[in-house]
Amino acid sequence: MWEQEGDGGAGRREGRRNGRRAQGPREEGCPTEGRDGRQELPPQSPEEQARAICLRLLTGMPRTRRQLADALAKREIPEEVSEQILSRFEEVGLIDDAAFAGAWVESRHRSRGLARRALAQELRTKGVAPTLVQEALEQLDSDQEEETARELVERKLRSTRGLERDKRIRRLAGMLARKGYPEGMALRVVRRALEAEGEDADNLMG
C-alpha cells in the first residue's frame, strides 16, 4: 500500500524528475561528483601544481630553470614553493642548464647556421648563466664558424646574381651579420665567394 506523500514527497519527485538526488554534506578532501557524473579530485596543493606544470613543460622539450620559474610565476605559484620544486628537479637531473646550453649551441648552429654571438644572446634570454653560456660556446671555434659562413653564402649566392657587386656584398654580409657573424669575417667570406664565382665564370668562358 502506497504511503500518502505530502509536500516533502512532491519535492523528492521534483528532484528525481531533474535527475538529482538529495545529498548530505561531504567530508573535506573526498572526491566529489561533478555535473557530468564523474568524480572531481580535491584541489591540488601549490607543490603538486608546481610539479605538474614543470613535468608538462619538460615533456615537450628541455627547459632552463629560468624558463620554468617564469612559467610557475605566471601561474602564481609561491616563490618559496617554486624554488623548492626547481631545486629538486635539478637534483634528479630533470633540469640541467649546462646540458641545455650545449645541445642548443650544437642544434642551432647546425640547423640555422647561427654564430657564437647570436647563440650567446639566445641563451642569455633563456636565463642560462654566463659561465655556462661560455662553456657551451667553446664547442665552436673561428674556423668552424667561417666554414659555416662560407656554406651559407654559397647557398645564397645564386639568388643575388644580376645585382651590382656592392649590393651583393651588402646583402650577403647582412645575412651573415643577422646570424651573429663578425663584420670582418662576413666581408672576407663574401668577397672570396664572389671572386671564386668570377673565376668559375672565366673558366667556363675559356
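Our structure is the block above this text.
## Quick notes on helix α5 (residues 97-112)
- Given a rise of 1.5 Å per residue, 16 residues ought to cover 22 Å, and the 21 Å separating the end C-alpha atoms of α5 matches this to within 8%.
- Those residues of α5 not exposed but buried are Asp97, Phe100, Ala101, Gly102, Val105, Arg108 and His109.
- Two or three places before Ala98, at the opening of α5, Asp96 has a side-chain oxygen 3.2 Å from that residue's backbone nitrogen.
- With its phi angle positive at about 70 degrees, Gly113 sits one or two positions after the end of α5.

## Overview of helix α9 (residues 165-178)
- Its 14 residues place the ends of α9 20 Å apart at the C-alpha level, agreeing with the 20 Å of an ideal helix rising 1.5 Å per residue.
- Where α9 is concerned, the buried positions are Arg168, Ile169, Leu172, Ala173, Gly174, Met175 and Leu176.
- Two residues or fewer after α9 comes Gly180, characterised by a positive phi angle close to 95 degrees.

## Examining the environment of Glu47
- As for its placement among the helices and strands, Glu47 is situated in helix α2 (residues 46-60).
- Owing to a relative accessible area of 26%, Glu47 belongs among the partly exposed residues under this scheme.
- C-alpha separation for the pair Glu47 and Ser82, spaced 35 residues apart in sequence, amounts to 7.8 Å.
- When neighbours within four sequence positions are excluded, Glu47 is seen to be in contact with Val81 and Ile85.

## Some thoughts on the packing of α2 against helix α3 (residues 65-74)
- In the contact formed by α2 and α3, the axes pass within 10 Å of each other and the chain directions differ by 130 degrees. Taken together, the axis directions place α2 and α3 in an arrangement best described as oblique. The way α2 lies across α3 gives a crossing that is right-handed. In contact with Ala50, Ile53, Cys54, Leu57 and Leu58 of α2, α3 contributes Leu68, Ala71 and Leu72.
- When the residues that make up the contact of α2 with α3 are grouped by side-chain class, the tally is eight nonpolar, no polar and no charged.

## A closer look at the environment of Glu80
- Mapped onto the elements of the fold, Glu80 is located in helix α4 (residues 79-91).
- In this structure the C-alpha to C-alpha distance between Glu80 and Glu47, which are 33 residues apart in sequence, comes to 9.9 Å.

## Quick notes on the side chain of Glu146
- Mapped onto the secondary structure, Glu146 falls in helix α8 (residues 142-157).
- Take Glu146: its relative accessible area is 12%, and that puts it in the buried class.
- If we skip the residues at most four places from it in the chain, Glu146 touches Met185, Arg188, Val189 and Arg192.

## Comments concerning the pattern of salt bridges
- Scanning all chains against the criterion turns up twelve salt bridges.
- Note that Glu145 is salt-bridged to Arg116, the shortest N-O span being 3.1 Å. Placement of Glu145 in helix α8 and of Arg116 in helix α6 (residues 116-125) is noted, with a sequence separation of 29 residues between them.
- Judged by its relative accessible area of 26%, Arg116 is partly exposed.
- Residues Arg168 and Glu197 are paired through a salt bridge, measuring 2.8 Å at the closest nitrogen-oxygen approach. Of this pair, Arg168 sits in helix α9 while Glu197 is found in helix α10 (residues 183-205), placing the two residues 29 residues apart along the sequence.
- Using a relative accessible area of 9% as the deciding quantity, one classes Arg168 as buried.
- The buried category is assigned to Glu197, whose relative accessible area is 16%.
- Overlapping salt bridges bring together Glu146, Glu147, Arg150, Arg188 and Arg192 as one network.

Quick notes on the rules
- Residues numbered from 1 in each chain as written.
- Predicted model: local features only at pLDDT ≥ 70, side-chain atom pairs only at ≥ 80, totals over all residues.
- Heavy atoms only, no water.
- Helix = DSSP H or I, 4+ residues; strand = E, 2+ residues; numbered from the N terminus.
- Expected span 1.5 Å × (residues − 1).
- Buried < 20%, exposed > 50% of the residue type's maximum accessible area, 1.4 Å probe, protein only.
- Polar contact = N/O pair within 3.5 Å; in protein donor to acceptor, adjacent residues only side chain to side chain.
- Contact = heavy atoms within 4.5 Å.
- Axes fitted to C-alpha atoms, helices over the stretch in contact; angles between N-to-C directions.
- Parallel < 35°, antiparallel > 145°, perpendicular 65-115°, else oblique.
- Left-handed = near helix turned anticlockwise from the far one by under 90°.
- Nonpolar A, V, L, I, M, F, W, Y, C, P; charged D, E, K, R; others polar.
- Salt bridge = Lys/Arg side-chain N within 4 Å of Asp/Glu carboxyl O.

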